[in-house]
Amino acid sequence: MFLNKIKLFLVISICLNFFFFTYDGVESKEIKIISGIAEVTDGDTIRINDKKIRLIGIDAPEQKQKCKKTWLSISFLTFQKEYFCGKISTLKLKKLIDNKLVNCKSISKDRYNRYLAECFKNGININSWMVRTGHALAYRKYSNKYIVQENIAKRNKSGLWAGSFEMPWNWRKKISLFVIFFLIF
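Criteria and cut-off values
- Throughout this document, residue positions are counted from 1 along each chain, in the order its sequence is written.
- Given that the model is predicted, a residue must reach a pLDDT of at least 70 before its local features are reported, and side-chain atom pairs must reach 80 or more before they are shown or counted; all residues, however, enter totals for whole chains, interfaces and linings.
- Side-chain numbers here rest on the full set of heavy atoms in the structure, without hydrogens or water.
- Only strands joined by at least two bridges in the DSSP assignment are considered to pair.
- Helix numbering and strand numbering both begin at the N terminus, where a helix is a DSSP run of H or I of at least 4 residues and a strand a DSSP run of E of at least 2.
- Any pair of residues with heavy atoms lying within 4.5 Å of one another is described as a contacting pair.
- Every axis in this analysis is a line fitted to C-alpha atoms, fitted for helices over the stretch in contact. Angles between the N-to-C directions lie between 0 and 180 degrees.
- Salt bridges are counted wherever a side-chain nitrogen of Lys or Arg sits within 4 Å of a carboxyl oxygen of Asp or Glu.
- Here, expected helix span is obtained from the residue count minus one, scaled by 1.5 Å.
- Burial classes follow relative accessibility: with a 1.4 Å probe on protein chains only, a residue under 20% of its type's maximum area counts as buried, one over 50% as exposed, and anything between as partly exposed.
- Picture the helix axis, draw a direction to every C-beta atom, and the arc is the one those directions span.
- Think of a nonpolar core as a cluster: buried Ala, Val, Leu, Ile, Met, Phe, Trp, Tyr and Cys residues, connected wherever their side-chain atoms sit within 4.5 Å.
- Per residue, pLDDT measures the predictor's confidence, with a range of 0 to 100.
- Patches here: salt-bridge-free residues with over 30% relative accessible area, like charges joined within 9 Å, nonpolar side chains (Val, Leu, Ile, Met, Phe, Trp, Tyr) joined within 5 Å.
- The Shrake-Rupley method, run with a 1.4 Å probe, gives the accessible areas here. Residue values count only the displayed protein chains as cover.
- By the counting scheme adopted, Arg and Lys are positive, Glu and Asp are negative, and His together with the chain ends is not counted.
- Throughout, a charge is located at the NZ atom of Lys, the CZ atom of Arg, the CG atom of Asp or the CD atom of Glu.

Q: Is there a simple way to think about the sheet that holds strand β5 (residues 66-74) in this case?
A: In space, the three strands of this open sheet follow the order β6-β5-β11, with antiparallel pairing throughout. Strands at the two margins of the open sheet, each flanked by one partner only, are β6 (77-84) and β11 (163-164). Of the pairings in the sheet, the one linking β5 to β11 comprises two bridges and is antiparallel in character. In the strand pairing of β11, lysine 68 is matched with serine 164. Helix-sheet contacts for helix α2 (residues 85-97) involve β5 and β6, and the interaxial angle to β6 is about 65°.

Q: Quick question: what am I supposed to make of the pattern of salt bridges here?
A: Think of it this way: side chains of opposite charge can pair up when their charged atoms draw near. Following the criterion strictly, the structure yields twelve salt bridges and no others. The partner of glutamate 150 in a salt bridge is arginine 140, and the shortest N-O contact between them spans 2.7 Å. Pair noted here: glutamate 150 is in helix α4 (residues 147-156) and arginine 140 is in the loop between β10 (137-138) and α4, with a separation of ten residues, a long-range link. A salt bridge links glutamate 150 to lysine 154; the shortest N-O distance between them is 3.9 Å. Of this pair, glutamate 150 and lysine 154 are both found in helix α4, four residues apart, which corresponds to roughly one turn of the helix. Linked by salt bridges that have partners in common, Asp44, Arg54, Asp59, Glu62 and Arg172 make up one network.

Q: What is the right way to look at α2 in this model?
A: Along an α-helix, a turn takes 3.6 residues, which lines up residues three or four apart on a common side. Look at α2: 18 Å from first C-alpha to last across 13 residues, which is about the 18 Å you get at 1.5 Å a residue. Within the sequence span of α2, burial applies to Cys85, Gly86, Ser89, Thr90, Leu93, Leu96 and Ile97. The buried residues of α2 occupy an angular sector of 145° when the element is viewed end-on, so they sit on one face. Turned more than 90 degrees off the buried face of α2, the exposed positions are Leu91 and Lys95. Positive backbone phi, approximately 50°, marks aspartate 98, located one or two places after α2.

Q: I'm lost on unusual backbone geometry in this one. Help?
A: Among all residues except glycine, the phi angle is most often negative; among peptide bonds, the trans geometry is most common. Its identity as a non-glycine residue notwithstanding, asparagine 49 has a phi of 55°, on the positive side. Structurally, asparagine 49 can be placed in the loop between β2 (45-48) and β3 (51-55).

Q: Just to check I follow, could you spell out the nonpolar core for this structure?
A: Nonpolar side chains in soluble globular proteins generally cluster together in the buried interior. In this structure, Ile46, Ile53, Val102, Cys104, Cys119 and Ile126 are the most contacted members of the largest nonpolar core, which totals 24 residues. When contributions to this core are tallied by element, the ones reaching two or more residues are β1 (32-42), β2, β3, α2, β7 (101-109), β8 (115-121) and α3 (126-132). When residues of this core are assigned to their parent elements, the largest contribution, four residues, is made by α3. Ignoring anything within four residues of it in the chain, the contact list for cysteine 119 reads Ile46, Ile53, Leu55, Val102, Asn103, Cys104, Ile124, Asn125, Ile126 and Asn127. Counting residues in hydrophobic clusters, the runner-up holds seven residues, among them Cys67, Tyr83, Ala153 and Trp161.

Q: In this structure, what is going on with the environment of lysine 105? I would like to understand it.
A: For lysine 105, the position within the fold is in strand β7. Residues lysine 105 and glutamate 30, 75 residues apart in the sequence, show an inter-C-alpha distance of 9.8 Å. Those residues in contact with lysine 105 that sit more than four places away from it in its chain are Ile31, Lys32, Ile33, Leu116, Ala117, Glu118 and Phe120.

Q: Would you mind going over the confidence of the model for the protein chain with me for this structure?
A: Parts of the model with low pLDDT should not have their predicted coordinates read in detail. Overall, the prediction assigns the protein chain a mean pLDDT of 86, with 80% of residues at 70 or greater. Here residues 15-27 is a poorly scored stretch, pLDDT under 50, and it has two contacts once near neighbours within four places are set aside; other chains count.

Q: How do you make sense of a positive patch on the surface when you look at a structure like this?
A: Together, Lys69, Lys81, Lys92 and Lys95 make up a positively charged patch on the protein surface. When you line up the elements, lysine 69 lands in strand β5. For lysine 69, a relative accessible area of 33% corresponds to the partly exposed category.

Q: For this particular structure, what's the right way to read the environment of alanine 153?
A: With respect to the helices, strands and loops of the structure, alanine 153 is situated in helix α4. With near-sequence residues (within four places) excluded, alanine 153 lies in contact with Val131, Arg132, Thr133, Gly134, Ser158 and Trp161.

In structure tokens form, the structure reads like this:
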């Protein structure tokens with residue numbers, strides 16, 4: 001009798017663990033359409049009405065992130081200048097959207113409660129456009145969808161690819177470590 005109770009307890013524990021570790025929330029995976037005039041937050045985030053939307057599958061430089069590009073080349077000498085590539089990325093997205101109607105398709109939210117979405121303006125895939133023009137990168141950690149567009153931007157030396165830059169995810173990590181170090185000391 002005692003062993004049966006232990007076996008029952010183990011089976012229930014295993015089932016509960018399986019349920020809790022595989023449970024993905026009650027939210028369905030149906031596509032949610034969000035439409036309206038978009039306000040650009042940065043190169044990979046917009047807001048439509050009260051909904052914050054992260055452009056899925058891409059990552060753009062942060063507002064304070066600096067990149068370098070060549071401004072003068074003489075024979076074997078090359079001179080580069082720094083510029084705020086995150087601000088440029090944001091401006092390019094603003095110019096593309098141009099206070100027009102944007103339609104976004106979302107199937108989930110991220111840990112910051114932003115809708116993860118693919119967005120369109122007049123049939124143009126905004127996520128794809130940002131990567132293809134070199135103002136954002138394919139965010140391979142979460143998706144392989146925009147790798148072809150990134151390769152086109154690299155080949156054409158478009159946007160970020162016209163110079164040198166640090167990957168946005170590495171830049172954020174470095175800044176976070178700096179802030180932690182600064183707070184400790």
